[in-house]
Amino acid sequence: MPYSRPTNASLWELHLTGIPGLQHVHHWISIPFCIMYLVTLTGNSTLLCVIKADPSLHAPMFLFLSMLAVIDLVMSTSITPKMLGIFWFHSTAISLDACLTQMYFVHALSVMESGVLVAMAFDRYVAICNPLQYLSILTSPVVAAIGLATLLRAVVFMSPLTFQIHRLPLCSPAVVDHSYCEHMAVLKLACGDAAFSNTYSLSVSTCVGSFDSLLIALSYGLILRAVLSLSSSQARKKAFGTCSSHLCVMALFYILGLLSMYMEKYCQELAPQVLLADLYLLIPPAFNPLIYGIRMKQIRDGARRVISR
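Thresholds applied
Residues numbered from 1 in each chain as written. Predicted model: local features only at pLDDT ≥ 70, side-chain atom pairs only at ≥ 80, totals over all residues. Heavy atoms only, no water. UniProt positions renumbered as here; feature names shortened; annotations may be inferred. Disulfide = S-S within 2.5 Å. Helix = DSSP H or I, 4+ residues; strand = E, 2+ residues; numbered from the N terminus. Buried < 20%, exposed > 50% of the residue type's maximum accessible area, 1.4 Å probe, protein only. Core = buried A, V, L, I, M, F, W, Y, C linked by side-chain atoms within 4.5 Å. Contact = heavy atoms within 4.5 Å. Polar contact = N/O pair within 3.5 Å; in protein donor to acceptor, adjacent residues only side chain to side chain. Pairing = 2+ DSSP bridges. Axes fitted to C-alpha atoms, helices over the stretch in contact; angles between N-to-C directions. Left-handed = near helix turned anticlockwise from the far one by under 90°. Nonpolar A, V, L, I, M, F, W, Y, C, P; charged D, E, K, R; others polar.

Identification of the protein chain as Olfactory receptor from Herpetotheres cachinnans is taken from an unreviewed UniProt entry. The Sequence similarities (unreviewed entry) comment attached to the protein chain in UniProt states, word for word, "Belongs to the G-protein coupled receptor 1 family." Regarding the protein chain, the relevant UniProt record gives this comment under Function (unreviewed entry): "Odorant receptor."

Okay, here's the thing in structure tokens:
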């Protein structure tokens, strides 16, 4: 079914195109997207249930993992059902308020996820490099303060984006060439001067991504230095395997995020940039519970104890 742009769309209602140029294969694209969403729901929900039910998992590491699971669940749910509605039922209409709400959640939760990944890297550094002081450093108030700081940073950085675009007049046809309300895609509808909003979005995303990835690289660099000093080759192999899997997932999150943002700004081909932006929000939430949760012996043992009870 060919896609036609609505020409009489109200400025209070926008239309999402899905993946521009690939509307004829939306049904096929929806299959892996739906599978990743189901994996995200199942994996993160299971992780949260196991951590909540087993008192032995109420440690700082698993509290950070719970934060990550909640963020992934909310972020995926804020975009995927609407995306699948576009792919399956050509349900392109979305109200302006719903679009701005979705935009805020997507970008704020991305910043929160980045902050939690930094916290998890710091947690691993303390656990491996200062194991005797682990519980005295990462106390419950400290973990709560880190979570609150992560939330406040996201609100402070991302609120101006939504505020600015809410004040800008939007022009018809109100068609967003994207599968969700991505900031730069919506900003292309602005009739007024959007230079500040564009610059602010690029600057904040670049600074947050670069600064957080630098802190993660520093933490894991110190961890690897400590691992290399271990006398047991088996312990070194296990630590390298854990660190490499964590770093691969983190690199995927930051590389896909920054690439999708700069492609949205500078690339003329819409399909690759939209597809990359979709994968950036769908792949990490599906892989995080597998890499950080199921591969951990404590989580598997906790799941067995919960099931046996």
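## Overview of the state of the cysteines
For the structure shown, the criterion picks out 2 disulfides. The side chain of C99 participates in a disulfide bridge whose partner is C181; the two sulfur atoms lie 2.0 Å from each other. Taking the sign of the S-S torsion, about -120° here, the bridge from C99 to C181 comes out left-handed. With C99 in helix α3 (residues 96-129) and C181 in the loop between β3 (175-176) and α6 (183-187), this residue pair connects regions lying 82 residues apart in the sequence. Like C181, C99 is buried. The side chain of C171 participates in a disulfide bridge whose partner is C191; the two sulfur atoms lie 1.3 Å from each other. Of this pair, C171 sits in the loop between α5 (140-167) and β3 while C191 sits in the loop between α6 and α7 (195-228), and the two are 20 residues apart along the sequence. For C171, a relative accessible area of 29% puts it in the partly exposed group. Counting only the cysteines that take part in disulfides, in the order they occur along the protein chain, gives the pairing 1-3, 2-4.

## Topic: the nonpolar core
Ranked by internal contacts, the top residues of the largest apolar core, which has 86 residues, are L14 and F62. For this core, the element with the most residues is α3, which contributes 16 residues. Contacts of F62, omitting those with residues within four sequence positions, involve I51, L57, M296, Q298 and I299.

## Regarding the side chain of N44
Note on placement: N44 falls in helix α1 (residues 26-53). Relative accessible area serves as the criterion here: at 1%, N44 is assigned to the buried category. One polar contact links the side chain of N44 to the main-chain carbonyl oxygen of P285, over a distance of 3.1 Å. Leaving out residues up to four positions away in the same chain, N44 has contacts with V39, A69, D72, L73, P285 and P289.

## Focus: the environment of L73
With respect to the helices and strands, L73 occurs in helix α2 (residues 60-89). Linking L73 and L41, residues 32 residues apart in sequence, is a C-alpha distance of 6.4 Å. Apart from residues no more than four positions distant in its own chain, L73 is found in contact with T40, L41, N44, S45 and L48.

## Some remarks on the sheet that holds strand β2 (residues 93-95)
On the basis of which strands lie adjacent, the open sheet formed by 3 strands has the order β2-β1-β3 and mixed pairing. The outermost strands of the open sheet, each flanked by one partner alone, are β2 and β3. Across 2 bridges, strand β1 (residues 13-16) lies against β3 in parallel orientation. Across the sheet, H15 pairs through a bridge with V175, a residue of β3.

## Here's the deal with unusual backbone geometry
Unlike most non-glycine residues, H90 shows phi in positive territory, near 55°. Along the polypeptide, H90 turns up in the loop between α2 and β2. Given a relative accessible area of 34%, H90 falls into the partly exposed group.

## Focus on the UniProt feature "transmembrane region" (unreviewed entry) in the protein chain
Per the UniProt annotation, the sites labelled "transmembrane region" (unreviewed entry) are residues 28-50, 62-84, 104-122, 134-156, 208-228, 240-262 and 274-294. With 100% helix and 0% strand, residues 104-122 has end C-alpha atoms that lie 27 Å from one another. Along residues 274-294 the backbone is 100% helical and 0% strand, and the end-to-end C-alpha distance reaches 30 Å.

## Structural notes on the packing of α1 against helix α9 (residues 270-294)
The interhelical angle for the contact between α1 and α9, taken along N-to-C directions, is 35°, at an axis separation of 9 Å. In the packing of α1 onto α9, the handedness of the crossing is left-handed. On the side of α1, the interface is formed by F33, M36, V39, T40, G43, N44 and L47, while α9 contributes L275, D278, L279, L282, I283, P285, A286, P289 and G293. For the contact of α1 with α9, the residue count by class is 11 nonpolar, 4 polar and 1 charged.

## A short note on the environment of D97
Along the chain, the position of D97 falls in helix α3. Through-space distance from the C-alpha of D97 to that of W12 is 7.8 Å; in sequence the pair is 85 residues apart.

## Quick word on the environment of R309
Looking at where R309 falls in the secondary structure, it is placed in the segment after α10 (297-308). In this structure, the C-alpha to C-alpha distance between R309 and M61, residues 248 residues apart in sequence, is 24 Å. Residues contacting R309, with those up to four places away along its chain left out, are A53 and D54.

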